[in-house]
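Summary of the model geometry
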Amino acid sequence: MTGIRKVLAAVFVGLALTLSTAAPAAQAAQAPAAQTDKLKLTVAGDGAQGVTIQATYADGRRLEQVVRLVLTATGPDGQRVGPVQLEPQPEGQGFYSSGPVLSTGTWKVSVNSPAPLQSKATATVQAKAAQSPPAPAPVAVTKPVDGGAGTGWWPFAAAGLVLVAAAMGVAMLFGRRRTD
């Protein structure tokens, strides 16, 4: 009976130690979640008539979940846009884009994130008309100066084949000896 009691006591002590070390780890895992309830939103223009937003945690870590961002904007002459719900873009984690929603001019843009990751950011964005790239300059097409296509390596290859065939023919003629 003493051996069984020792084994049971060792099992209970091991279980108690395991639970006591796991409890602080669980509390530590919950603490960062409570500290990261805020988002850092970086708002900028996209160079045309849209807005881009980069969302990260307040401590600088990348955002790994989708959040609902809502954009509102006030522009020249009191124009208003929004609320516009933004969708995540494939360019990267936490990257959002509005697309062309602003007209040309200077806009005051606000982006809000609802609970549980509440945050708000405001920026002034200069919207410009979308521009197309300049037309490429025409390229002149000329023929090669070396005599055109077809003159190059093939005459040398043909001469090599003729030489190999001649050498094989000579070898066949003089390679056989007749013994009578």
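What you see is a predicted model; the values in this text were computed from it and never measured.

Glancing now at the sheet that holds strand 2 (residues 51-57). Here we have seven strands laid out as an open sheet, ordered 1-2-5-4-3-6-7, and antiparallel in their pairing. With one partner strand each, in any of the chains shown, strand 1 (39-45) and strand 7 (119-127) form the two edges of the open sheet. Pairs of neighbouring strands in the sheet enclose a mean axial angle of 25 degrees, with direction left out of account. Alignment of strand 4 (residues 80-88) against strand 5 (residues 95-97), held across two bridges, turns out to be antiparallel.

Attention shifts here to the packing of aromatic side chains. Counting across every chain of the model gives zero aromatic pairs. Over the face of the ring belonging to Tyr 57 we find Arg 61, whose NZ or CZ atom lies 4.5 Å from the ring centre.

The element strand 2 is largely enclosed, with a buried count of six among its seven residues. Summarising the sheet, strand 1 and strand 2 pair through seven bridges and their orientation is antiparallel. In the strand pairing of strand 2, Gly 45 is matched with Val 51. Where strand 1 folds back on strand 2, the antiparallel hairpin that results is connected by five residues, among which Gly 47 adopts a positive phi of roughly 90 degrees. Relative to strand 5, strand 2 runs antiparallel, the two being bridged by three bridges. Its bridge partner lying in strand 5, Gln 54 is registered against Phe 95.

A word on the pattern of salt bridges. Two side chains of opposite charge can pair, provided their charged atoms sit close to one another. This model, assessed by the stated rule, comprises two salt bridges. For Arg 61, the salt bridge goes to Asp 59, with nearest N and O atoms at 3.1 Å. A relative accessible area of 40% means that Arg 61 is categorised as partly exposed. Among the residues examined, Asp 59 registers a relative accessible area of 51% and is labelled exposed. A salt bridge links Arg 68 to Glu 87; the shortest N-O distance between them is 3.9 Å. Of this pair, Arg 68 sits in the loop between strand 2 and strand 3 (69-74) while Glu 87 is found in strand 4, placing the two residues 19 residues apart along the sequence. Arg 68 sits in the partly exposed class, given a relative accessible area of 47%.

The rules we used
- Residues numbered from 1 in each chain as written.
- Predicted model: local features only at pLDDT ≥ 70, side-chain atom pairs only at ≥ 80, totals over all residues.
- Heavy atoms only, no water.
- Pairing = 2+ DSSP bridges.
- Helix = DSSP H or I, 4+ residues; strand = E, 2+ residues; numbered from the N terminus.
- Axes fitted to C-alpha atoms, helices over the stretch in contact; angles between N-to-C directions.
- Phe/Tyr/Trp six-rings, centres within 6.5 Å; stacked < 30°, edge-to-face > 60°.
- Lys NZ or Arg CZ within 6 Å of the ring centre and 35° of its normal.
- Buried < 20%, exposed > 50% of the residue type's maximum accessible area, 1.4 Å probe, protein only.
- Salt bridge = Lys/Arg side-chain N within 4 Å of Asp/Glu carboxyl O.

Take it as geometry only, folks, not as evidence of what the structure does.
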